[in-house]
Amino acid sequence: KTQNKNIEDYFTSSKPGSGLDLSKEEIKKSFLEKLFYGLGRIPTVATDNDYYSALALAVRDWVFRQYVRSLEEYAEQDSRGVAYLSAEYLPGPHLGNNLLNLSITKTTREALADLDLDLDKILEQEVEPGLGNGGLGRLASCYLDSMATLGVPSIGYGIRYEFGIFNQTLKDGWQAEVTDKWLHYGNPWEVVRPEIAFEVKFGGYTEHKYDSNNKLQVNWIPDSEIRGTAYDTPILGYRSNGIIMRLWSAEAIESFDFAAYNMGDYYRAVEKKMRSENITKVLYPNDENLSGKELRLKQQYFFVSCSLQDIIRLHLLQGRELENFHEKFNIQLNDTHPSIAVAELMRILVDIHQMEWDEAWHVTRHTFAYTNHTLLPEALEKWSVNLLGRLLPRHLEIIYEINSRFLNELRKQNFSTEQISRMSLIDDRGEPSIRMAHLATVGSHKVNGVSALHSRLLKSMVLQDFAELWPEKFTNVTNGVAHRRFLALSNPGLADLITRKIGKEWLTDLSALRNLEKFADDKSFQEEWRNIKFKNKERLTALIEERTGVKLDPSMLFDIHVKRIHEYKRQHLKVLHILSLYLRLKNGKGKDISPTSFIFGGKAAPGYFMAKRIIKLITAVADLINNDPEVNKKLKVVFLPNFSVKLAQQVYPAADLSEQISMAGKEASGTGNMKFSLNGALTIGTLDGANVEIREEVGEKNFFLFGLTTEEVQETKKAGYHPYRIYEQNNDLREVMDFLISGKLSKGDKELFRPIYDNLLQQDPYLLLKDYQSYIEAMDEVHKTWKDQNEWAKRSILNVINMGKFSSDRSISDYCEDIWKVETVKVV
Ligand code: RUG
């Protein structure tokens, strides 16, 4: 750390000014300076991407101003901080959001117009960082937004994947994956910090020795080491603080093997470097069986180790002792992906800083808190003892030690052998493996689920024994979404109407939307509301036509199902419904059907056979219906490829109906459901995840409910479920199912969709057939309600105004109060 009195004096006397509310001239000047001197471009050669980069660099300066001001404030208050550890982030495009948060969108538009440039065209240039798979990564980014807005002293740690989630294209109706080269044009938002770099060890063995005080010293002798370098992206809150998202990138410590080079083996000279850098090359698409994937475990440990070394550096930099580390830092584990951190912190404290085991364990348990995001057995992470021992031999020893002490405690408390084996961190059945959720639970002071239902099920199913042992440890924090991005930024028409009626308070307190209640019955307000929706639908229609060639009619009902493709999310239930409408129309029984456009979007994991076939089914149904003049005036179907945050921002504002139709008990929370309602879509949904709470908030009448409850699902399965019987008894369903294998969807190929057909008739693990009739009836009710446009508008308004609970600001306040116990410090 260098002390430079002159610079310090300058910094204190000239306190960085606020980055907010800049004038048109200031914006123009900074933009042009970045273009000329930041990028070295002259007007004759500057491209749209140069304009985008210049504006982004100017904006980044203002965001950093807010960040620097925040840091000063935090240091002064000596605040308790939060480190959010997440293997995934989906920030979405930064530029528009930063302009909004600096309150300079309008002025920037004018500044650029003076230069004959169009802000929208410039915004279009941004390639978003696809550093996540779906809900979990997007949630992490919503949380950073809210932590910044509320003034939580915090850092988000993660991985700087060189290639993010694949880009999805369609080939002959099938998903085809294309590498995501998001860094191809550079990334103006990040700053590399070559001096914030840590070494991370892998492999090798451990040595156990007693020192002169007869204290055991363990030394880990690795067989390889890799360096992680920090890349910082400032994240700005709304007219508020700035925080950092710090992503680690792997590089070789020695970039060149001179011995090999001198012997003429040029390839081997750089091979090691290439192998080391593989660690942060690519994001794993989830839903696959990841347990054998060594590189995935390396990624997890790599980012955890860098992050912990960094947090400890920050702690010691302030002259503090490690004994009170937990009083100064909370570390939130976003799912089990970073849960190896429990063993790593123990290793750092005990092996490196010579802390006694019991004290280190106290510090560790009071530092971590763990958020569980899934009950799906296949998604609960387990690492084979063999693999973990090979990559992280010392961590395996530590995990065994934690486990042995934990199990001894249980024995003392007279737990049965059966309970003890259920709760053990090691699963001994079959090939021994580590249950990462158990490690995270034992090593944390709080464990939370992400919706009321999910947290209840977590306590009664997956972590039941632990919840009985430590009831006070378990809590719920219902997810929330960044309403500024997903309403203010994505739906400017609606945002403007709301602000005209009730002012800007809702931007920082979403529950202020309730002040709109008096307008719910107001016919002229309803009309304005509908016009805005219509314009959003026109916008989406144009985008869909450009991307797919399918032209929708914006006066139709827009019925939208966008999310990852997974059997439990039941996209194929929606397809069965569409086919039932198609057959009704063909049989001359479709007079009650309201004209509808069905829009699907979402990626399937590349190795997930059924999910990929479901995409093919959707596109096959789309081809059939869109090209049949007998039905295509009433029905249209489209699969919008490559769903992303950028696309989502266009899709949610244009939705009339939100499909949230997972089998009850499977969707931990869902966050798309919140974004839809926030933009005035009505929901058709099951009592799953956060749907339950959304329905409570918006009112039963304003939510189309169908399907079994979680308890009914459990009873159905327990009683022995026979989908074939339902098929036999329901004529309509039988006709639809048989249509799947009729060849009419597949140019005569009767086998193409047989795997879906067979799966549903023989196993139907997600009870589509059981819920089918109830879904059809609820959809009929939707179509009936749509015919009364005033009623629909009223329900849409009631959805939006009751969404206060689902802002991520509320979620982060809950974390602050219940889990982190931190005080917020705002700079504005
Ligand atoms: O599937 C869940 C969603 O229900 C949830 O809304 C989201 C954020 O909490 O996390 C999703 N999730 C769960 N993504 N990955 C996992 C399992 O690792």
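Note that this is a predicted model, so its numbers are computed, not measured.

**Quick look at the overall build of the protein chain**
Counting its secondary structure elements, the protein chain contains 34 helices and 22 strands. Relative to the globule expectation of 28 Å for 828 residues, the C-alpha radius of gyration of the protein chain, 28 Å, shows essentially globular dimensions. Dimensions along the principal axes, computed over C-alpha positions, put the protein chain at roughly 90 × 70 × 65 Å. Residue burial in the protein chain is summarised as follows: out of 828 residues, 60% are buried. Within the protein chain, residue pairs in contact and separated by at least 24 positions form 77% of the contacts whose partners lie at least 6 positions apart.

**Quick look at the pattern of salt bridges**
Counted according to the given criterion, the structure contains 62 salt bridges. For Lys537, the salt bridge is made with Asp656, and the minimal N-O distance between the two is 2.6 Å. Here Lys537, found in helix 22 (residues 523-548), pairs with Asp656, found in the loop between helix 25 (645-651) and strand 20 (657-660); they are 119 residues apart in sequence, far enough to count as distant. Considered together, Lys537 and Asp656 belong to a single accessibility category, that of buried residues. A salt bridge links Lys569 to Glu667; the nearest nitrogen and oxygen atoms lie 2.8 Å apart. Taken as a pair, Lys569 in the loop between strand 17 (557-562) and helix 23 (571-586) and Glu667 in the loop between strand 20 and helix 26 (672-678) lie far apart in primary sequence, 98 residues in all.

**A few points about the layout of surface pockets**
Gaps left between atoms show up when a probe the size of a water molecule is rolled over them. The space that makes up the second largest pocket amounts to roughly 1,800 Å³. Together, 40 residues line the second largest pocket, and Tyr67, Leu71, Ala75, Leu314 and Leu317 are the ones closest to its centre. Where the lining of the second largest pocket is concerned, the elements lending two or more residues are helix 1 (5-13), helix 3 (48-77), strand 1 (81-85), strand 2 (154-159), strand 5 (191-202), strand 9 (242-252) and helix 10 (294-317). Ranked by residue count, the leading element in the lining of the second largest pocket is helix 3, at seven residues. Grouping the amino acids of the lining of the second largest pocket by side-chain chemistry returns 19 nonpolar, nine polar and 12 charged.

**Regarding the environment of Ile661**
Within the fold, Ile661 resides in the loop between strand 20 and helix 26. Sequence spacing of Ile661 and Ala467 is 194 residues, and the spatial spacing of their C-alpha atoms is 29 Å.

**Some points on the packing of helix 23 against helix 32 (residues 768-786)**
For the pair helix 23 and helix 32, the least separation of the axes is 10 Å and the interaxial angle reads 60 degrees. As summarised for this structure, helix 23 and helix 32 are arranged oblique, according to the angle between their axes. Taken as a pair, helix 23 and helix 32 cross one another with a handedness that is right-handed. Here His572, Leu573, Lys574, Leu576, His577, Ser580, Leu581 and Arg584 of helix 23 lie close against helix 32, whose contacting residues are Leu768, Leu769, Tyr772, Tyr775, Ile776, Met779, Asp780 and His783. Within the contact of helix 23 with helix 32, the residues separate by chemical class into nine nonpolar, four polar and three charged.

**Considering the sheet that holds strand 12 (residues 382-384)**
With antiparallel pairing, the three strands of this open sheet are ordered in space as 12-14-13. Two strands bound the open sheet, and with one partner strand each, they are strand 12 and strand 13 (426-427).

**Notes on helix 23**
Along its 16 residues, helix 23 runs 23 Å from first to last C-alpha, staying within 8% of the 22 Å computed at 1.5 Å per residue. A large share of helix 23 lies buried, amounting to 14 of its 16 residues.

**So, the packing of aromatic side chains**
Per the stated rule, a full pass over the model turns up 25 aromatic pairs. Between Phe466 and Trp470, the aromatic rings sit 6.2 Å apart at their centres with planes inclined by 35 degrees, giving tilted as the arrangement. Comparing Phe466 with Trp470, the two get one shared label, buried. With 5.1 Å between their ring centres and 25 degrees between their planes, Tyr815 and Trp820 make a pair best called stacked.

**Here we look at the site of the ligand**
Close contacts around the ligand come from 14 residues, with His373, Asn479, Glu667, Ser669 and Gly670 the closest. Between the ligand and Ser669, the relevant distance is 3.0 Å, taken from an oxygen atom to a main-chain nitrogen or oxygen of the residue. For the ligand, the accessible surface in isolation is 420 Å², of which the surrounding protein chains cover 87%. Across the shell around the ligand, the residue classes break down as five nonpolar, seven polar and two charged. When residues of the shell around the ligand are assigned to domains, at least three map to each of domain 2 (79-92 + 130-197 + 226-250 + 284-478) and domain 3 (483-806).

**Considerations on the pairing of strand 15 (residues 446-449)**
Covered by surrounding structure in strand 15 are Lys446 and Asn448 together with Val447 and Gly449, the residues of both alternating faces. Sheet analysis places strand 11 (residues 368-371) next to strand 15, joined by three bridges and oriented parallel. Counterpart to Tyr370 in the pairing with strand 15 is Val447. Pairing analysis gives three bridges linking strand 15 to strand 16 (residues 474-476), with the strands arranged parallel. Within strand 16, the residue paired with Gly449 across the bridge is Asn476.

**Observations concerning a nonpolar patch on the surface**
Taken together, the side chains of Phe258, Tyr261 and Tyr266 present a nonpolar region at the surface, about 360 Å² in accessible area. By the secondary structure assignment, Tyr261 is in helix 8 (residues 258-262). Residue Tyr261 is classed as partly exposed on the basis of its relative accessible area of 36%.

**Concerning the domain arrangement of the protein chain**
Domain boundaries assigned for the protein chain yield domain 1 (1-78 + 94-127), domain 2 (79-92 + 130-197 + 226-250 + 284-478) and domain 3 (483-806). Here domain 2 and domain 3 have C-alpha centroids that lie 33 Å from each other. Summed over the three residues of domain 2 that lose the most area to domain 3, namely Gln168, Trp174 and Tyr238, the buried surface amounts to 20% of that side. The interface formed by domain 2 and domain 3 holds three salt bridges in total. The closest approach of N and O atoms between Glu711 and Arg456, which form a salt bridge, is 3.3 Å. At the boundary of domain 2 and domain 3, one finds 16 residue pairs in polar contact (both at pLDDT 80 or more). Of all the secondary-structure elements, those providing two or more residues to the side of domain 2 that touches domain 3 are helix 7 (135-150), strand 3 (167-171), strand 4 (174-178) and helix 18 (452-460).

**Some remarks on helix 33 (residues 789-801)**
For helix 33, with 13 residues, the first-to-last C-alpha span of 18 Å sits near the 18 Å given by 1.5 Å per residue. What helix 33 keeps buried is the set Glu791, Trp792, Ala793, Arg795, Ser796, Ile797, Leu798, Asn799, Val800 and Ile801.

**Some details on the side chain of Thr785**
Looking at the secondary structure, you find Thr785 in helix 32. Here Glu781 takes part through its backbone oxygen, which lies 2.7 Å from a polar atom of the side chain of Thr785.

**Regarding the sheet that holds strand 2**
Pairing within the open sheet is mixed, and its nine strands lie in the order 5-8-9-2-1-10-11-15-16. Strands at the two margins of the open sheet, each flanked by one partner only, are strand 5 and strand 16. On average, each strand axis in the sheet is tilted by 25 degrees relative to the strand beside it, whichever way the strands run. In the sheet, strand 8 (residues 224-236) pairs with strand 9 via 11 bridges, with the strands oriented antiparallel. The residue bridging Tyr231 from the neighbouring strand is Leu247, located in strand 9. Each of strand 1, strand 2, strand 5, strand 8, strand 9, strand 10 (329-334) and strand 11 touches helix 10; the most contacted strand, strand 5, lies at about 115 degrees to it.

Conventions used here
- Residues numbered from 1 in each chain as written.
- Predicted model: local features only at pLDDT ≥ 70, side-chain atom pairs only at ≥ 80, totals over all residues.
- Heavy atoms only, no water.
- Helix = DSSP H or I, 4+ residues; strand = E, 2+ residues; numbered from the N terminus.
- Rg over C-alpha atoms; globule rule 2.2 N^0.38 Å.
- Buried < 20%, exposed > 50% of the residue type's maximum accessible area, 1.4 Å probe, protein only.
- Contact = heavy atoms within 4.5 Å.
- Salt bridge = Lys/Arg side-chain N within 4 Å of Asp/Glu carboxyl O.
- 1 Å grid on protein atoms, 1.4 Å probe; cavity = no way out; pocket = protein on both sides within 12 Å on 5 of 7 lines; lining within 4 Å.
- Points joined across faces, edges and corners; volume = space filled by probe spheres on them.
- Nonpolar A, V, L, I, M, F, W, Y, C, P; charged D, E, K, R; others polar.
- Axes fitted to C-alpha atoms, helices over the stretch in contact; angles between N-to-C directions.
- Parallel < 35°, antiparallel > 145°, perpendicular 65-115°, else oblique.
- Left-handed = near helix turned anticlockwise from the far one by under 90°.
- Pairing = 2+ DSSP bridges.
- Expected span 1.5 Å × (residues − 1).
- Phe/Tyr/Trp six-rings, centres within 6.5 Å; stacked < 30°, edge-to-face > 60°.
- Near = heavy atom within 4 Å.
- Polar contact = N/O pair within 3.5 Å; in protein donor to acceptor, adjacent residues only side chain to side chain.
- Areas by Shrake-Rupley, 256 points an atom, 1.4 Å probe, with all protein chains shown as cover.
- Domains from an automatic or database assignment.
- Patch = residues over 30% accessible without salt bridge, like charges linked within 9 Å, V, L, I, M, F, W, Y side chains within 5 Å.
- Buried area = accessible area lost by both parts, 1.4 Å probe.

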